[in-house]
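Overview (structure and organization)
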Amino acid sequence: MTNTINTQEATKAGEIVRVTGPLVRANGMSSAKLYELVKVSSEKLLGEIIELNGDIASIQVYEDTTGVGPGDPVFRTGKTMSVALAPGLLESIYDGVQRPLKAIEEASGSVYIKRGIDAEALDKNKKWDFKAVAKVGDKVTGGDILGTVAETKLIVHKVMVPPHVSGVITNIKSGNFNITETIAEIKTESGEIEVVAMLQYWPIREPRPKNKKIFPSEPLLTGGRSIDTLFPIAKGGAGCIPGPFGAGKTVTQQSISKYCNAEVIVYIGCGERGNEMTEVLSEFPHLIDPNSGEPLMKRTILIANTSNMPVAAREASVYTGITIAEYYRDMGYNVALMADSTSRWAEAMREISGRLEEMPGEEGYPAYLSSRTAQFYERAGVVETLGSEGRQGSLTVIGAVSPPGGDLSEPVSQSTLRVTKTFWSLDAGLAYKKHFPSINWLGSYSLYVDNLLDFWRENVAPDFANIRKQAMELLEKESKLLEIVRLVGMESLSNSDKLTLEVARMIREDFLMQNAFDPSDAYMPIKIQYNLLKSIVTFYNEGLPVVTTDEFEFSRFKQMSTYKEIGRLKEKREVSDYENFISRVKEEIKALTQTNA
Ligand code: ADP
């Protein structure tokens, strides 16, 4: 495939008849194809045909259309909107149509993109050390690995046979090449020679092919206790973080990007306001990967839309991002994609649909909002990749949603909830009380729990699922008891209810609360999470028979030294520390019975 986004060769086809904001209508376009890339006006603004009606094409333009008017020319390119895929993607910061922000900034003097700037997505001069792993005479098929390049210190880029190509290698060489130079030649069955360079293209709206999807059975571990233990997401899963402004969507997604056990991160930012995205742009390049000590960008691709950028580019950005993510999945990596926030993407869709004068659905969103949302999240998954010896790769997709007023009944939240299986409900009330992460334990859920039972049993502890379940039951019981306390006060509670409240409070304060900005707290391995939660639950299980004996003075429970120490237990990182602690809890509770008697 030889599509490029930034193409110079374009032939004049039609003429503009109408301009409404980012949408341009042109006639004389009967030979064009849907989703073909076009250049609009003599300024050659980048556009994509999104509707064809006879010889009239509706074109969404990825640049500001001020000054463009009827009679201006439209040029066809014969190509579809595609992403450039090759070494050099990692560490890049792109706009929604894969123009590097740095190059744009240099060319236009600001991050607010000037019009008609053709910026190459990837450096075509840079030489990479390509190490062939296939050899002449090998029979190969789409997805097979031809060779590797050390793209960054952290990630080895695997150069693959393009999908849909198969045959016998007639030429392949190791050496220093730029991404457009030939690294291999493949003789196909029809006898043609397919010339392969490191640079390949893939249309953004088309999922990249795979051999098959595999049932997700491992968690994407994030180090976040609330996520990993209570509301886990599977590698290859789809999750949704809804929450009002300031609830912690961005902090949560950045923290997952930093600590999760995916090798490659794609972060799509659709900022609410210009400066919000600027924050991400200035912060992200300084984040350090805690495992390697290297900059996180060495395994990250950042796609940034500010609200000043054209709405059509925002619409395209999620497809650009997910196609790049699939490309690394195809190399056999675990990839995690964050989209913050998809509400802005949906609004872009709504605006374009309005300009197309389509029949509006709920709240003015197009009727296809749900199907587009579903198509996007369906690109998540664990796959056996294309190729004769398919590798396993995964793509986890986590989308933030910012429902106006926090009202989850609105269309974007609803269409997202239908297709994502993990739901982290961020709660403004908790954020206000400085309970972070503000994931509401009563309103959140994960439908991956059953997928992960074997993993937990084999890799964490045989009773992990039980401890988790018990903790959730205690939290639910707490909320009911607190209702009663509000009505009739603490005095009416039995000792066992008081114990429930105490232990549930420990779960909330000493387990769920976690400071994303404290490096010693932000990440906790799953085994330690289990031991911490087990320590807390031990207070309940051991304490219940004791506090329910006649006339037990509940305040004595709070005098135990382990009770006073629980708040600092999470600082410990050795399993043996927790085992010792649990033994001490048991001894202290036993001592209570003796003095009680
Ligand atoms: P949103 O993206 O939902 O608008 P942010 O992610 O920007 O919200 O979070 C708002 C603020 O809340 C942050 O600046 C930070 O002070 C605080 N915060 C959010 N999550 C955490 C966390 N896990 N730990 C500590 N502080 C947090």
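Since we're looking at a predicted model, the values are computed, not measured. (Residues numbered from 1 in each chain as written. Predicted model: local features only at pLDDT ≥ 70, side-chain atom pairs only at ≥ 80, totals over all residues. Heavy atoms only, no water.)

Inspection of helix α7 (residues 369-377) places Leu369, Thr373, Ala374, Phe376 and Tyr377 among the buried residues, and these make up the whole buried set. Down the axis, α7 shows its buried residues gathered within 160° of arc, on one side only. Looking at the buried residues of α7, the elements they touch are β19 (238-242), α5 (311-330), β22 (334-340), α6 (342-355), β24 (392-401) and α8 (411-417). (Buried < 20%, exposed > 50% of the residue type's maximum accessible area, 1.4 Å probe, protein only. Helix = DSSP H or I, 4+ residues; strand = E, 2+ residues; numbered from the N terminus. Arc of directions from axis to C-beta. Contact = heavy atoms within 4.5 Å.)

Around the barrel, which closes on itself, the 6 strands sit in the order β1-β2-β5-β4-β3-β6 with antiparallel pairing between neighbours. Pairwise comparison of adjacent strand axes, ignoring direction, gives a mean angle of 45° for this sheet. In this sheet, strand β5 (residues 56-61) lies alongside strand β4 (residues 45-53) in antiparallel orientation, the contact comprising 6 bridges. Bridge pairing in β5 links Glu51 to Ser58. (Pairing = 2+ DSSP bridges. Axes fitted to C-alpha atoms, helices over the stretch in contact; angles between N-to-C directions.)

Further remarks concern the packing of α6 against α7. Across the interface, α6 lies against α7 with an axial gap of 11 Å and an inter-helix angle of 135°. Comparing their axes, α7 and α6 come out oblique. For the element pair α6 and α7, the recorded crossing hand is right-handed. Contact residues: α6 offers Thr342, Trp345, Ala346 and Met349, while α7 offers Leu369, Arg372, Thr373, Phe376 and Tyr377. (Parallel < 35°, antiparallel > 145°, perpendicular 65-115°, else oblique. Left-handed = near helix turned anticlockwise from the far one by under 90°.)

Our focus in this paragraph is the domain arrangement of the chain. Looking at the assigned domains, one finds that the chain contains domain 1 (1-81), domain 2 (128-201), domain 3 (212-447) and domain 4 (464-596). The straight-line distance from the C-alpha centre of domain 3 to that of domain 4 is 34 Å. With 20 residues of domain 3 in contact, the opposing surface of domain 4 contributes 23 residues. With both chains or domains summed, domain 3 and domain 4 bury close to 2000 Å², and 64% of this area falls on carbon and sulfur atoms. Considering only the surface of domain 3 that becomes buried against domain 4, Arg225, Thr229 and Leu230 emerge as the three largest contributors, covering 38% of it. Joining domain 3 to domain 4, the criterion identifies 1 salt bridge. A salt bridge links Asp521 to Arg225, with the shortest nitrogen-to-oxygen separation between them at 3.2 Å. (Domains from an automatic or database assignment. Buried area = accessible area lost by both parts, 1.4 Å probe. Salt bridge = Lys/Arg side-chain N within 4 Å of Asp/Glu carboxyl O.)

The next thing to look at is the pattern of salt bridges. Any two side chains of opposite charge can pair, on the condition that their charged atoms come close. Within the structure shown, the criterion is met by 31 salt bridges. Among the ionic pairs, Arg99 bridges to Asp95, the shortest N-O distance being 2.9 Å. With respect to class, Arg99 is no different from Asp95; both count as buried. Put simply, Arg457 and Asp454 hold a salt bridge, and the shortest N to O gap is 2.9 Å. In this pair, Arg457 and Asp454 both sit in helix α10 (residues 449-459), 3 residues apart, roughly one turn of the helix. For Asp454, a relative accessible area of 43% translates into the label partly exposed.

A few words now on the nonpolar core. Ranked by size, the top nonpolar core spans 155 residues in total, and within it Leu146, Tyr328, Leu337, Phe539 and Phe557 carry the most contacts. Here this core takes 11 residues from helix α14 (residues 526-547), the largest share from any one element. With sequence-adjacent residues up to four places away left out, Phe557 is seen in contact with Leu499, Phe539, Gly543, Val547, Phe552, Tyr563, Ile589 and Leu592. With 14 residues, the next largest nonpolar core counts Ile16, Ile49, Val61 and Val68 among its residues. (Core = buried A, V, L, I, M, F, W, Y, C linked by side-chain atoms within 4.5 Å.)

Taken together, 14 residues surround the ligand, and among them Gly246, Gly248, Lys249, Thr250 and Val251 come closest. Measuring from an oxygen atom of the ligand, one finds a backbone N or O atom of Gly246 at 2.6 Å. Within the contact set of the ligand, an oxygen atom lies 2.7 Å away from a side-chain nitrogen or oxygen of Thr250. Protein chains bury 75% of the 560 Å² of accessible surface belonging to the ligand in isolation. Looking at side-chain class alone, the shell around the ligand contains 8 nonpolar, 5 polar and 1 charged residues. Mapped onto the domain boundaries, the shell around the ligand takes at least three residues apiece from domain 3 (212-447) and domain 4 (464-596). (Near = heavy atom within 4 Å. Polar contact = N/O pair within 3.5 Å; in protein donor to acceptor, adjacent residues only side chain to side chain. Areas by Shrake-Rupley, 256 points an atom, 1.4 Å probe, with all protein chains shown as cover. Nonpolar A, V, L, I, M, F, W, Y, C, P; charged D, E, K, R; others polar.)

Here we come to the confidence of the model for the chain. In this model, the chain carries an average pLDDT of 91, and 93% of its residues clear a pLDDT of 70 or more. Predicted confidence for residues 1-8 stays below pLDDT 50, and this span has 30 contacts to residues more than four positions away or in other chains. (pLDDT = per-residue confidence, 0-100.)

The next point concerns the pairing of strand β2 (residues 23-27). In terms of burial, β2 is a largely internal element, 4 of the 5 residues being buried. Summarising the sheet, strand β1 (residues 11-20) and β2 pair through 5 bridges and their orientation is antiparallel. The residue of β2 that forms the bridge with Arg18 is Arg25. Counting the residues between successive antiparallel strands, the hairpin from β1 to β2 contains 2 residues, one of them, Gly21, with a positive phi of roughly 55°. Note: β2 against β5, 4 bridges, orientation antiparallel. If you follow Ala26 over to β5, its bridge partner there is Ala57.

Here we take up a nonpolar patch on the surface. A grouping of Leu34, Tyr35 and Leu52 is seen on the molecular surface, where their side chains present a nonpolar patch of about 230 Å² in accessible area. For Leu34, the location among the structural elements is in the loop between β2 and β3 (36-40). The exposure class of Leu34 is partly exposed, given its relative accessible area of 41%. (Patch = residues over 30% accessible without salt bridge, like charges linked within 9 Å, V, L, I, M, F, W, Y side chains within 5 Å.)

Once that is clear, we can look at the packing of aromatic side chains. One pass over the structure, following the stated rule, counts 14 aromatic pairs. Centre to centre, the rings of Tyr327 and Tyr328 are 5.6 Å apart; their planes meet at 80°, and the pair counts as edge-to-face. Judged by relative accessible area, Tyr327 falls into the buried class, the value being 2%. Here Tyr328 falls in the buried class, since its relative accessible area comes to 0%. An angle of 45° between the planes, with centres 6.1 Å apart, marks the rings of Phe464 and Tyr530 as tilted. Linking Phe464 in helix α11 (residues 464-488) with Tyr530 in helix α14, this pair joins segments that are 66 residues apart in sequence. Geometry around Trp202 places Arg208 over its ring, the cationic atom sitting 5.4 Å from the centre. Note that Arg350 overlies the ring of Tyr365, its terminal NZ or CZ placed 4.3 Å from the centroid. (Phe/Tyr/Trp six-rings, centres within 6.5 Å; stacked < 30°, edge-to-face > 60°. Lys NZ or Arg CZ within 6 Å of the ring centre and 35° of its normal.)

With that settled, the discussion passes to the environment of Glu63. Inspection of the secondary structure assignment puts Glu63 in the loop between β5 and β6 (73-80). For the pair Glu63 and Gly248, spaced 185 residues apart in sequence, the C-alpha separation works out to 31 Å. In terms of polar contacts, Glu63 uses its side chain to reach the backbone amide nitrogen of Leu46, at 2.9 Å.

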